[in-house]
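# Structural overview
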Amino acid sequence: MTRAIKMIDLPAEYLQLQSQLLPKIDALLLSGNYIQGNAVKEFEKELSIYLNVKHVISCGNGTDALQIALMGLNIKAGDEIIIPAFSYVAVIEVICLLGAKPVLVDVDPTYFQLDNHLVEQAITSKTKAIIPVHLFGQCTNFDELLKIAKQHNIYVIEDTAQALGAKNHKNQFLGTIGDIGCTSFFPTKNLSCFGDGGALFTNDDELAKKIRMIANHGQSKKYHHEIVGVNSRLDSIQAVVLSHKLPLLNTNLQKKKEIAHLYINLLEKEPNIELPKASEYTEASWHQFTIKVKDGLRNPLKTFLQENGIDAMVYYPKSLGQQTAYQHFYSSKNLVSDQLCTEVLSLPIHPLLTEADIIYICKNIHNFFNAES
Ligand SMILES: *Cc1c(COP(=O)(O)O)cnc(C)c1O
């Protein structure tokens, strides 16, 4: 029997929340406080308690969070920012918008994270910040990266869009360790709303004040604009949704972890794929379950799964330097990233998947390789 298994099932998730959440949304709509009301303040407070970080400043989306972080740290034209070559486009986009220069550094082939050794080699007198992306919900030796940054007097901005709720080996939440953490509440992320949303985290009081001003037209008081800012605010209605969903985050992460372990048990004897590993430095959030498929079989496997009703996605088909808009930043040293783009395949992993779903997916993966040989 063919099933239909999606990467994520937003309507089904909503149905589970509907009866308790709708009255809260109704109350917000009746209050008329649609922008920057109490709902936003309350959510920021709740998230700062959850993450054990001093300041949470919400904003319009995760891409804006990264831009505001760079603006908060006075990043200007000509400054160099070190980023992983294997990542989502948001990071490189905002660096370019500010006229700064992205320096693409390769990732390690196992955990898909910035290679610290290569970061050190890429640092110049113009390097102002490093943006590690906790891709797919994990990190590697972050202490070492922080030490390198400190030695060279460079800021660290964590892109935690895929890792909210994940921790390092010292039980600190990712996103709260560097100078600034950025996250996204896009519908597919670990903690998500019903539209766009984002936030920044920091333990620095002065920086928090400045970030809050930048996100709201550079004003600390209405119509008194002290610095150049942007209009990037979390809608009150999304804050209501996020406050409702935050208490469910740990349970959802736990479910995804169980699914990841089930995948690993069922697939570990399949010789034709390489399974993801959780690094010893992370309590991973399993934002994605990303396998590697060699010998040009990734795309045929994806098609085969699709034909059997299973969604699987390629995050990402091109490294950042291979994208047309950013090809002038391409570095021939990004070989691991370029190779990964031909091999990675992310399988469905969301809290509503059943054991039968995972067994069905794994059976189809075995079938594909057995039919091939
Ligand atoms: C989703 C994502 C972003 C951007 O978040 P938006 O809210 O969509 O702007 C940035 N970085 C990474 C790694 C992401 O996955």
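Look above for the structure.
An account of the accompanying structure is given in this report. Just so it is clear, the structure is predicted and the values come from calculations on it, not from any experiment. (Residues numbered from 1 in each chain as written. Predicted model: local features only at pLDDT ≥ 70, side-chain atom pairs only at ≥ 80, totals over all residues. Heavy atoms only, no water.)

### Structural notes on the overall build of the protein chain
- Per the secondary structure count, the protein chain includes twelve helices and 14 strands.
- In summary, the protein chain has a C-alpha radius of gyration of 21 Å against a globular reference of 21 Å for 373 residues, a match within 12%.
- Seen through its principal axes, the protein chain has C-alpha atoms that stretch 70 × 55 × 40 Å.
- For the protein chain, the proportion of its 373 residues judged to be buried stands at 53%.
- Counting only carbon and sulfur atoms, one obtains 51% of the accessible surface of the protein chain, whose full area is about 16900 Å².
- One finds the centroid of the 34 positive side-chain charges in the protein chain at a distance of 4 Å from the centroid of its 39 negative side-chain charges. (Helix = DSSP H or I, 4+ residues; strand = E, 2+ residues; numbered from the N terminus. Rg over C-alpha atoms; globule rule 2.2 N^0.38 Å. Buried < 20%, exposed > 50% of the residue type's maximum accessible area, 1.4 Å probe, protein only. Areas by Shrake-Rupley, 256 points an atom, 1.4 Å probe, with all protein chains shown as cover. Lys, Arg positive; Asp, Glu negative; His and termini not counted. Charge placed at Lys NZ, Arg CZ, Asp CG, Glu CD.)

### A few points about the packing of helix H3 (residues 62–72) against helix H7 (residues 205–215)
- Closest axis-to-axis distance for the H3/H7 pair is 9 Å, and the angle between their directions is 125°. In terms of orientation, H3 and H7 fall into the oblique class. Of the two elements, H3 crosses H7, and the hand of that crossing is right-handed. Facing H3, whose interface residues are Ile68, Met71 and Gly72, H7 presents Leu207, Lys210, Ile211, Ile214 and Ala215.
- Looking at side-chain class alone, the contact of H3 with H7 contains six nonpolar, one polar and one charged residues. (Axes fitted to C-alpha atoms, helices over the stretch in contact; angles between N-to-C directions. Parallel < 35°, antiparallel > 145°, perpendicular 65-115°, else oblique. Left-handed = near helix turned anticlockwise from the far one by under 90°. Contact = heavy atoms within 4.5 Å. Nonpolar A, V, L, I, M, F, W, Y, C, P; charged D, E, K, R; others polar.)

### A look at the site of the ligand
- In the neighbourhood of the ligand, the contacting residues comprise Asn61, Gly62, Thr63, Tyr88, Ala90, Val133, Asp159, Ala161, Gln162, Ser184, Phe186 and Lys189.
- Thr63 places a side-chain nitrogen or oxygen 2.5 Å from an oxygen atom of the ligand.
- Between Asp159 and the ligand, the recorded distance is 2.7 Å, taken from a side-chain N or O atom to a nitrogen atom.
- The fraction of the free accessible surface of the ligand (380 Å²) that becomes covered by protein chains is 93%.
- At a threshold of 2 Å from the grid points, most atoms of the ligand map onto the largest pocket.
- A breakdown of the residues in the shell around the ligand according to their chemical character gives five nonpolar, five polar and two charged. (Near = heavy atom within 4 Å. Polar contact = N/O pair within 3.5 Å; in protein donor to acceptor, adjacent residues only side chain to side chain. 1 Å grid on protein atoms, 1.4 Å probe; cavity = no way out; pocket = protein on both sides within 12 Å on 5 of 7 lines; lining within 4 Å. Sits in = over half its atoms within 2 Å of the grid points.)

### A short note on the environment of Val293
- As for its position among the elements, Val293 is in strand S13 (residues 289–293).
- For the pair Val293 and Ser232, spaced 61 residues apart in the sequence, the C-alpha separation amounts to 40 Å.
- Apart from residues lying up to four places away in sequence, Val293 is in contact with Asn272, Ile273, Arg298, Leu301, Thr342, Glu343 and Phe369.

### Structural notes on the pairing of strand S3 (residues 101–105)
- Most of S3 is tucked away, with four of its five residues classed as buried.
- Bridge count between strand S2 (residues 80–84) and S3: five bridges; the pairing is parallel. Residue Pro84 lies in a different strand from S3, and its bridge partner there is Val105.
- The handedness of the S2 to S3 crossover, carried by helix H4 (residues 90–97), is right-handed. (Pairing = 2+ DSSP bridges. Right-handed = clockwise from strand over helix to strand, strands pointing away.)

### Quick notes on the layout of surface pockets
- In this structure, the largest pocket encloses a volume near 730 Å³.
- Listed by contribution, the elements that provide at least two residues to the lining of the largest pocket are H3, strand S7 (180–184) and helix H9 (249–267).
- Counted by class, the lining of the largest pocket contains 19 nonpolar, 13 polar and six charged residues.
- Both domain 1 (10–246) and domain 2 (248–372) contribute no fewer than three residues apiece to the lining of the largest pocket.
- Size it by volume and the second largest pocket reaches roughly 390 Å³.
- Together, 19 residues line the second largest pocket, and Gln36, Arg212, Asn216, Gln219 and Arg233 are the ones closest to its centre.
- Counting only elements with at least two residues in the lining of the second largest pocket, the list comes to helix H2 (38–51), strand S1 (55–59), H7 and strand S9 (219–221).
- For the lining of the second largest pocket, the element with the highest residue contribution is H7, accounting for four residues. (Points joined across faces, edges and corners; volume = space filled by probe spheres on them. Domains from an automatic or database assignment.)

### Details of the side chain of His287
- Looking at the secondary structure, you find His287 in the loop between strand S12 (282–283) and S13.
- When near neighbours in sequence (up to four residues on either side) are disregarded, His287 contacts Phe136, Gly137, Gln162, Thr188, Lys189, Asn190, Lys256 and Ile349.

### Here's the deal with a nonpolar patch on the surface
- Taken together, the side chains of Leu29, Tyr34 and Ile35 define a hydrophobic patch exposed on the protein surface, amounting to about 280 Å² of accessible area.
- Locating Ile35 in the fold gives a position in the loop between helix H1 (10–31) and H2.
- Residue class for Ile35 comes out partly exposed when judged on its relative accessible area of 46%. (Patch = residues over 30% accessible without salt bridge, like charges linked within 9 Å, V, L, I, M, F, W, Y side chains within 5 Å. Salt bridge = Lys/Arg side-chain N within 4 Å of Asp/Glu carboxyl O.)

### Section: the sheet that holds strand S14 (residues 344–347)
- One open sheet holds the three strands; their spatial order is S11-S13-S14, and the pairing between them is antiparallel. The open sheet terminates on both sides in strands that have one partner only, identified here as strand S11 (273–274) and S14.
- Here S11 pairs with S13 via two bridges, running antiparallel. Counterpart to Glu274 in the pairing with S13 is Lys292.

Functional significance is not addressed by these values, which are geometric in nature.
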